[in-house]
Amino acid sequence: MKNGAIPDNINQLNAEERIEFLFNFLALEVLDMRDVSIIGVGTTPFSKHKERGIADLSLEAGRKAIEDAGIDKSKIEALYLGNYAAEALVGQGSLAAITGRNLGLGQIPCTRTEGACASAGIALRESFLTIAAGIYDVVIAVGAEQMSTCSTGVVTSVLAGAGDTTMDNIYGLTFPGFFGLVLRKHMEEFGTTRDQVSCVSVKNHHNGATNPIAYLKDEITVEGVNESRFIADPLTLYDCCPITDGAVAMVLCPSDMARDLCKKPVKVVGSGHAIGTTSILQMESFTTFPATLKAAEMAYQMAGVKPEDIDVVELHDCFTIAEIVDSEDLGLFEKGEGGPAVESGRTAVDGELPINPSGGLISRGHPVGATGLAQVYELVLQLKGEAANQVKNPELGLAHNLGGSGAVSTVHILSKDF
Amino acid sequence: MSGYQKPIPQIDEESKPFWEACKRHELYMQKCRDCGTLRYYPRALCGNCLSSDTEWVKCSGRGEIYTFTVTYQNRGAGFRDELPYVLAYIELEEGVRMMSNVVECEPEKVSIGMPVEVVFEDINDEIALPRFKPLPE
């Protein structure tokens, strides 16, 4: 353990300064945090599973992750489950306990994490933190959501509840509407074009078409996106991710243990989690999400890497414009360069920085409570060299999850540990 | 006035003076007496300094469109009958921003930077909702 310098005036620091200090403290490893690795992953296909129950989906993903890890399930000491709205969507609470019970994990603590569409990113982070801190050795992180059994109207209304409902909803704000506001402002501020935005959808549909777990398998053209019907002008139908059901799980443990248990462990080298603006009324800019900036800063700092070191990215493209904004907020491109980057092919699977080789939320689908782990699932396959749309020899992957109207973000950086 | 199907604002202690002013077709904002920050939506405490020392100030009701979207899909009650509608983020002269609708204007004529002024819609006996219409240049 290294000796951290605790400032003499620690008690005089304001809340922000204290948090800043703690970030640095963690990044410097003065807390003697243990390295943590992922040793097994599992997922359901992403689809409309109308005939199945959500607990059946989380069970399938969990079973596959435990099998993939090749670990005796009695070794699992805790479960974290990301889920946004099972009560409202399918009338089911207590999903963490139900999943732990169904998996036969015994009387271990099972905790649900909720951060709207970033719920599963938080489940991963809590798993990571508790292992890193030495509280548990083996933890399973799960994410699950079932949405297709409700009407589009109900889903729209439940998702709108992820924003601050006090004042926005009376004027008819929807999530596509929110990103319509973002897209209009990004076009005005940076000259981002309709064709550039459509290129995100074209690329992600192309990637999803060859990803066996992706929901949408059809290719689309720039014209096809441009000419599809308006949902929230300038946002069209093919700018939006589809309503999808699915679950993902993974088993994590200390990296020392992982190397003995697993041929190809993937290490979590950076983790960040921050809140941003919880209501549209708080947004100073419509072309950046402060939650992403902060979570990314934390993750880069902990990992000791820079945006240019990243080889493959899975980010939160709930709408096409979100991919452009996220890629800029993550420091992968300058502000205003996200659109030209995708149009010129720089973010394709064979480009200089592949983004969403899985097809992203737009093509893989977006069961909101599962997405954060679906991103990490893809990165684990990429780093192991086993992905359907394999990027050439990636060493470092970055997963970015965003919830609400920029309310919550998690960023994780993963590295090969073999 | 009857038959209004969209969500109705929930009036609480903090927001009551705002809605009473709207009822008179006047737009008022809270201002922190300690740090001077204007705030919308009404809250008990200043989001900047957490002071509860608040005064209400009258706004001109004029501003400009910061960004907007024309919503074509919303199956929520009331909204589905009015598609497409303009959802906009308005920057008031006083510097505060409000989410609202732009009315009395064809959606295709709305643009970022367009000057607008507040107009009130009486949705029931208790509540008038502030929306915005183009300001004649």
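Residues numbered from 1 in each chain as written. Chains lettered and ligands numbered in written order. Predicted model: local features only at pLDDT ≥ 70, side-chain atom pairs only at ≥ 80, totals over all residues. Heavy atoms only, no water.

1. Remarks on the pairing of strand 4 (residues 139-145) of chain A
Residues and elements named next belong to chain A.
So, step 1. Most of strand 4 sits inside the fold, with seven of its seven residues counted as buried.
So, step 2. Because side chains alternate across strand 4, one face comprises the buried residues Val139, Ala141, Gly143 and Glu145, and the other comprises Ile140, Val142 and Ala144, equally buried.
So, step 3. With five bridges connecting them, strand 2 (residues 78-82) and strand 4 associate as parallel partners. The residue of strand 4 that forms the bridge with Leu79 is Ile140.
So, step 4. Pairing between strand 4 and strand 7 (residues 246-254): seven bridges, direction antiparallel. Paired with Val142 across the two strands is Ala249, which belongs to strand 7. (Buried < 20%, exposed > 50% of the residue type's maximum accessible area, 1.4 Å probe, protein only. Helix = DSSP H or I, 4+ residues; strand = E, 2+ residues; numbered from the N terminus. Pairing = 2+ DSSP bridges.)

2. So, the nonpolar core
So, step 1. Grouped together as the largest cluster of nonpolar side chains are 79 residues, with contacts concentrated most on Phe179(A) and Ile280(A).
So, step 2. Those residues within four positions of Ile280(A) in sequence are excluded, and the remaining contacts are Asp168(A), Leu173(A), Phe178(A), Leu181(A), Phe286(A), Ser405(A), Tyr89(B) and Met99(B).
So, step 3. Of all hydrophobic cores here, the second largest spans 37 residues; its members include Met33(A), Ala78(A), Val248(A) and Leu252(A). (Core = buried A, V, L, I, M, F, W, Y, C linked by side-chain atoms within 4.5 Å. Contact = heavy atoms within 4.5 Å.)

3. Overview of the pairing of strand 11 (residues 408-416) of chain A
Residues and elements named next belong to chain A.
So, step 1. The buried fraction of strand 11 is high, at eight of nine residues.
So, step 2. Here strand 8 (residues 266-275) pairs with strand 11 via nine bridges, running antiparallel. When the bridges of strand 11 are listed, His273 appears paired with Thr410.
So, step 3. Where strand 10 (residues 396-403) meets strand 11, eight bridges bridge the pair, whose relative direction is antiparallel. Across the sheet, Ala399 pairs through a bridge with His412, a residue of strand 11.

4. What to know about the pattern of salt bridges
Residue and element names in this part refer to chain A.
So, step 1. The final tally for this structure, using the stated rule, is 30 salt bridges over all chains.
So, step 2. Between Asp233 and Arg184 there is a salt bridge whose closest N-O contact spans 4.0 Å. You can see Asp233 sitting in strand 5 (residues 230-233) and its partner Arg184 sitting in helix 7 (residues 175-190), a full 49 residues away along the chain. Just as Asp233 is buried, Arg184 falls in that class too. (Salt bridge = Lys/Arg side-chain N within 4 Å of Asp/Glu carboxyl O.)

5. Looking at the domain arrangement of chain A
All names here are of chain A.
So, step 1. Per the domain assignment, the segments of chain A are domain 1 (36-149 + 246-261) and domain 2 (171-242 + 269-416).
So, step 2. Each of domain 1 and domain 2 was reduced to a C-alpha centroid, and the two centroids are 23 Å apart.
So, step 3. Counting from both sides, the interface comprises 34 residues of domain 1 and, opposite them, 31 residues of domain 2.
So, step 4. At the boundary of domain 1 with domain 2, total buried surface from both sides reaches about 2500 Å², with 75% on carbon and sulfur atoms.
So, step 5. It is Phe46, Cys117 and Arg125 that lose the most area in domain 1 upon contact with domain 2, and together they represent 29% of the buried surface on that side.
So, step 6. Counting every contact that joins domain 1 to domain 2 gives zero salt bridges.
So, step 7. At the surface where domain 1 touches domain 2, the tally comes to six residue pairs in polar contact (both at pLDDT 80 or more).
So, step 8. Elements supplying a minimum of two residues to the side of domain 1 that touches domain 2: strand 1 (36-43), helix 5 (119-132), strand 4 and strand 7.
So, step 9. When residues in the side of domain 1 that touches domain 2 are grouped by element, the largest group, seven residues, is from helix 5.
So, step 10. Split by residue class, the side of domain 1 that touches domain 2 holds 19 nonpolar, 11 polar and four charged. (Domains from an automatic or database assignment. Buried area = accessible area lost by both parts, 1.4 Å probe. Polar contact = N/O pair within 3.5 Å; in protein donor to acceptor, adjacent residues only side chain to side chain. Nonpolar A, V, L, I, M, F, W, Y, C, P; charged D, E, K, R; others polar.)

6. Overview of the sheet that holds strand 2 (residues 38-39) of chain B
Residue and element names in this part refer to chain B.
So, step 1. One open sheet holds the three strands; their spatial order is 2-1-3, and the pairing between them is antiparallel. The two strands at the open ends of the sheet, each matched to only one other strand, are strand 2 and strand 3 (54-58).
So, step 2. Where strand 1 (residues 28-32) meets strand 3, five bridges bridge the pair, whose relative direction is antiparallel. Across the sheet, Gln30 pairs through a bridge with Trp56, a residue of strand 3.

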